[in-house]
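# Structure assessment
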Amino acid sequence: MDNEYVILVTEDNKPIGTMPKLEVHNSDTPLHRAFSCYVFNQKGKFLLTQRAKSKKVFPGIWTNSCCGHPGPGESTEDAIKRRLQFELGLVPETIKMVLPDFRYRAEMDGIVENEICPVYFTVISSEPKPNTEEVENYRWIDWNVFTKELQKSPKVYSYWCQKQVEQLGKLTEFHKSYLI
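Described below are features of the structure shown in this document. In this convention, every chain numbers its residues from 1, walking through the sequence in written order. Per-residue local features of the predicted model are confined to residues with pLDDT of at least 70, and side-chain atom pairs are confined, for both listing and counting, to 80 or more; whole-chain, interface and lining totals are unaffected and use all residues. Side-chain numbers here rest on the full set of heavy atoms in the structure, without hydrogens or water.

### Things to note about unusual backbone geometry
The backbone of Asn 13 shows a phi angle near 65°, a positive value even though the residue is not glycine. Secondary structure elements are defined from DSSP: runs of H or I of at least 4 residues count as helices, runs of E of at least 2 residues count as strands, and each element is numbered from the N terminus. Structurally, Asn 13 can be placed in the loop between strand S1 (5–9) and strand S2 (15–20). A simple rule labels every residue: compare its accessible area, found with a 1.4 Å probe on the protein chains alone, to the largest value its type can have, and call it buried under 20%, exposed over 50%, or partly exposed in between. Overall, Asn 13 belongs to the partly exposed group, its relative accessible area being 29%. Positive phi, close to 55°, is recorded for Asp 109, a residue that is not glycine. Mapped onto the elements of the fold, Asp 109 is located in the loop between strand S9 (103–108) and strand S10 (111–116).

### As for the pattern of salt bridges
We count a salt bridge whenever a side-chain nitrogen from Lys or Arg sits within 4 Å of a carboxyl oxygen from Asp or Glu. With the rule as written, the count across this model stands at ten salt bridges. The closest approach of N and O atoms between Lys 21 and Glu 4, which form a salt bridge, is 3.3 Å. Taken together, the residues span a long stretch of sequence, with Lys 21 in helix H1 (residues 21–24) and Glu 4 in the segment before S1 at a distance of 17 residues. The exposure class assigned to Lys 21 is buried, which follows from its relative accessible area of 15%. A salt bridge links Arg 82 to Glu 74; the nearest nitrogen and oxygen atoms lie 2.8 Å apart. Accessibility expressed as a relative area gives 23% for Arg 82, which makes it partly exposed. Taking relative accessible area as the criterion, Glu 74 reaches 23% and is therefore assigned partly exposed. Taken together, the shared-partner salt bridges connect Glu 4, Lys 21, Lys 55, Glu 74, Arg 82, Arg 83, Glu 87 and Glu 134 into one network.

### A few points about the side chain of Arg 51
Topologically, Arg 51 is positioned in strand S5 (residues 46–51). Of the side chains with opposite charge, Glu 113 lies nearest to the buried Arg 51, which makes no salt bridge, at 5.3 Å. A distance of 3.1 Å separates a polar side-chain atom of Arg 51 from the backbone oxygen of Phe 58. Note on definitions: a residue-residue contact is assigned when non-hydrogen atoms from the two residues lie within 4.5 Å. When sequence neighbours within four positions are dropped, the list of residues in contact with Arg 51 reads Val 57, Phe 58, Pro 59, Gly 60, Ile 61, Thr 63, Glu 134, Glu 136 and Trp 160. Lys and Arg are tallied as positive, Asp and Glu as negative. Neither His nor the chain termini are counted. We define a polar contact as two N or O atoms separated by no more than 3.5 Å, with the added condition that, inside protein, one atom must be a possible hydrogen donor and the other a possible acceptor, whereas residues neighbouring each other in sequence contribute only through side-chain atom pairs.

### Things to note about the environment of Met 97
If you trace the backbone, Met 97 turns up in strand S8 (residues 94–99). Owing to a relative accessible area of 39%, Met 97 belongs among the partly exposed residues under this scheme. Sequence-wise, Met 97 and Cys 161 are 64 residues apart; in three dimensions their C-alpha atoms are separated by 15 Å. Filtering out sequence-adjacent residues up to four positions away, Met 97 remains in contact with Pro 118, Val 119 and Tyr 120.

### So, the pairing of S10
Buried residues dominate S10, accounting for six of its six residues. Going residue by residue along S10, you find Ile 111, Glu 113 and Glu 115 tucked away on one face and Val 112, Asn 114 and Ile 116 tucked away on the opposite face as well. Sheet topology places strand S3 (residues 32–33) next to S10; two bridges connect them, and they run parallel. Among the inter-strand pairings, Arg 33 is bridged to a residue of S10, identified as Ile 116. The pairing criterion is simple: DSSP has to find at least two bridges between the two strands.

### With respect to the side chain of Thr 122
Among the secondary structure elements, Thr 122 is positioned in strand S11 (residues 119–123). If we ignore the near neighbours within four places in the chain, the residues touching Thr 122 are Cys 37, Tyr 38, Val 39, Phe 40, Ile 80, Leu 84, Pro 92, Thr 94 and Ile 95.

### Topic: the state of the cysteines
When the sulfur atoms of two cysteines come within 2.5 Å, that pair is taken as a disulfide. Following the criterion strictly, the structure yields zero disulfides and no others. Counting only cysteine sulfurs, Cys 37 is the nearest neighbor of Cys 66, a cysteine outside any disulfide, at a range of 5.8 Å. Since its relative accessible area comes to 1%, Cys 66 is described here as buried. Note on Cys 161: no disulfide assigned, nearest cysteine sulfur contributed by Cys 67 at a separation of 8.1 Å. Residue class for Cys 161 comes out buried when judged on its relative accessible area of 0%.

Here it is in structure tokens:
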């Protein structure tokens, strides 16, 4: 996966080029396409993951289940399937976009994330088999317990996850569809 490319975009999400993923993330990261994915199991539990401590970008931070970048010519749904398989050994049963217009910029240790990053939910029926180069740790958690933990200890969680959960809390459809 070291030769992955990301799609660089304008403020209105028009593609303007590509760049290797490992080169794009630096102190002056250009705006690019990404996605965030929240995985739920059949019991309605959310899969919380900790990014591997060896990762260049936001190492060791707890966050949503999976993040990534669609490559040139790849749909976001196909990128989600690819990253879920690579990072967690999972195959989604469903994929649903829940925040189509999410965008953020965040910095940690001199590395900037600058992404147009729609948010998706997936449902799976198997246990994760984490790739240790991507995922340090994981746990299944009740969504309401997770949101309380997030509010108590925000520095433990990624900036984008905090902002996404804030926006997700405003969606009535989310509560009906995913909180069992």
